[in-house]
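Residues per chain are reported as follows:
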Amino acid sequence: MLEQLHRVCRQLLDEQRVQVVIGFGQSSPDAPAHPIFVTRPDDVDQLVFNGQCYANLATYLTRKEIRALGKPAVIVKGCDHRALLVLQNESQIDRSQIVVIGVTCDGVGRPPLPKCRSCEVHLPQNVDFLVGQSDGPAPTDPSYAPLEAFMARSPAERMAFWQSELARCIKCYACRQACPLCYCERCIVDKNRPTCIDTSATLQGNFAWHIARAFHLAGRCVGCGECSRACPVGIDLMLLNMATARAAEVNFGYRAGMDPDAEPVVGTYRREDKEAFIQ
């Protein structure tokens, strides 16, 4: 698989079909893989793909610094490709100006992370190149099992959980930086005239920040889990985003990044849309 990946990337750079390959590198076999940006054919051997390639590389497609490098090729797992489709549907990227290299992925982590056990996109579709083949079993866990277990608690228990979790937030915004769908040039928390959200790491300000971010991702989150993984204090942010993802699926039959032709649920109106959920 790695040999095939190197061959594809070297050919793209040799033929100048792209100017940069966005992929994964690794300093040692035991270290987590990290994003690298390869611009020379001789450097493609630095690219790796294994169970330690956690990051969602679609994040970099909207960065000005990366766009300045020229036409990119990006290596995507299934969850990364879902994010790419959302960016495409929201007119944030021009798909014709990006070469997409899909890699089959049976889950990252050792053992695979919980999000990977319910992943339904081991084999990215509609990519320009597909590397490898998936031998992983079909998912058996319900996609929303963690949320269903959480919602079985009483309202008081759920509130106590989030008070405990969000009290630990230090307002570093690592969740925002790791998210491929947080692409605003100026975030609401960076505005101070007027100040919309308390910038101090108070419980009230933390609640306001994370609830605002969750609602901004409603019907858009692809469940890649990078927000939770990036959090230095281990807040389970994916659980919060899972609630809005399930609401979009139950009420509108929409799953972010699964259909390249689907219109974004937040920007689309249909007469048959349910309204009872807002009561």
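It should be noted that the structure appears before, not after, this text.
Residues numbered from 1 in each chain as written. Predicted model: local features only at pLDDT ≥ 70, side-chain atom pairs only at ≥ 80, totals over all residues. Heavy atoms only, no water.

Student: Looking at this structure, I do not really get the overall build of the chain. What am I missing?
Tutor: Looking only at helices and strands, one finds 10 helices and five strands in the chain. Taking 2.2 N^0.38 as the reference for a compact globule, 279 residues should give roughly 19 Å; the C-alpha atoms of the chain span a radius of gyration of 19 Å, in line with that estimate. Overall, the C-alpha framework of the chain stretches about 60 × 45 × 45 Å when taken along its three principal axes. Considering only intrachain contacts with a sequence separation of at least 6, the fraction spanning at least 24 residues in the chain is 69%. Summed over all atoms, the accessible surface of the chain reaches about 14,700 Å², with 51% contributed by carbon and sulfur. (Helix = DSSP H or I, 4+ residues; strand = E, 2+ residues; numbered from the N terminus. Rg over C-alpha atoms; globule rule 2.2 N^0.38 Å. Contact = heavy atoms within 4.5 Å. Areas by Shrake-Rupley, 256 points an atom, 1.4 Å probe, with all protein chains shown as cover.)

Student: Teacher, can you tell me more about the nonpolar core here?
Tutor: Nonpolar side chains in soluble globular proteins tend to be buried together. V21, V74, I75 and I101 are the most contacted members of the largest nonpolar core, which totals 54 residues. Those elements that place two or more of their residues in this core are helix 1 (2-14), strand 1 (20-25), strand 2 (34-38), strand 3 (72-76), helix 3 (78-89) and strand 4 (99-103). Excluding anything up to four places from it in sequence, V74 contacts I22, L57, L61, L84, I98, V99, V100 and I101. With 23 residues, the next largest nonpolar core counts Y144, Y173, C175 and I197 among its residues. (Core = buried A, V, L, I, M, F, W, Y, C linked by side-chain atoms within 4.5 Å. Buried < 20%, exposed > 50% of the residue type's maximum accessible area, 1.4 Å probe, protein only.)

Student: Would you mind going over helix 8 (residues 203-216) with me for this structure?
Tutor: The terminal C-alpha atoms of helix 8 lie 20 Å apart, and with 14 residues this matches the ideal 20 Å at 1.5 Å per residue to within 8%. The set of residues buried in helix 8 consists of G205, N206, F207, W209, H210, A212, R213 and A214. Check the buried side of helix 8 and you find it contacts helix 6 (155-166), helix 7 (174-178), helix 9 (226-230) and helix 10 (237-252). (Expected span 1.5 Å × (residues − 1).)

Student: How should I be thinking about the sheet that holds strand 2 in this particular structure?
Tutor: For sheets, the rule is that strands pair by backbone hydrogen bonds, running either parallel or antiparallel. Sheet architecture is open: five strands sit in the order 2-1-3-4-5, paired in mixed fashion. Looking at strand neighbours, the two that pair on one side only are strand 2 and strand 5 (129-131), the edges of this open sheet. Averaged over all neighbouring strand pairs, the angle between strand axes comes to 25°, with direction disregarded. One ladder, built from five bridges, connects strand 1 with strand 2; its direction is antiparallel. Within strand 2, the residue paired with G23 across the bridge is I36. Its contacts with the sheet place helix 1 against strand 1, strand 2, strand 3, strand 4 and strand 5, and it is angled at close to 175° to strand 4. Contacts from helix 3 reach strand 3 and strand 4 within the one sheet, and its direction differs from that of strand 3 by about 130°. (Pairing = 2+ DSSP bridges. Axes fitted to C-alpha atoms, helices over the stretch in contact; angles between N-to-C directions.)

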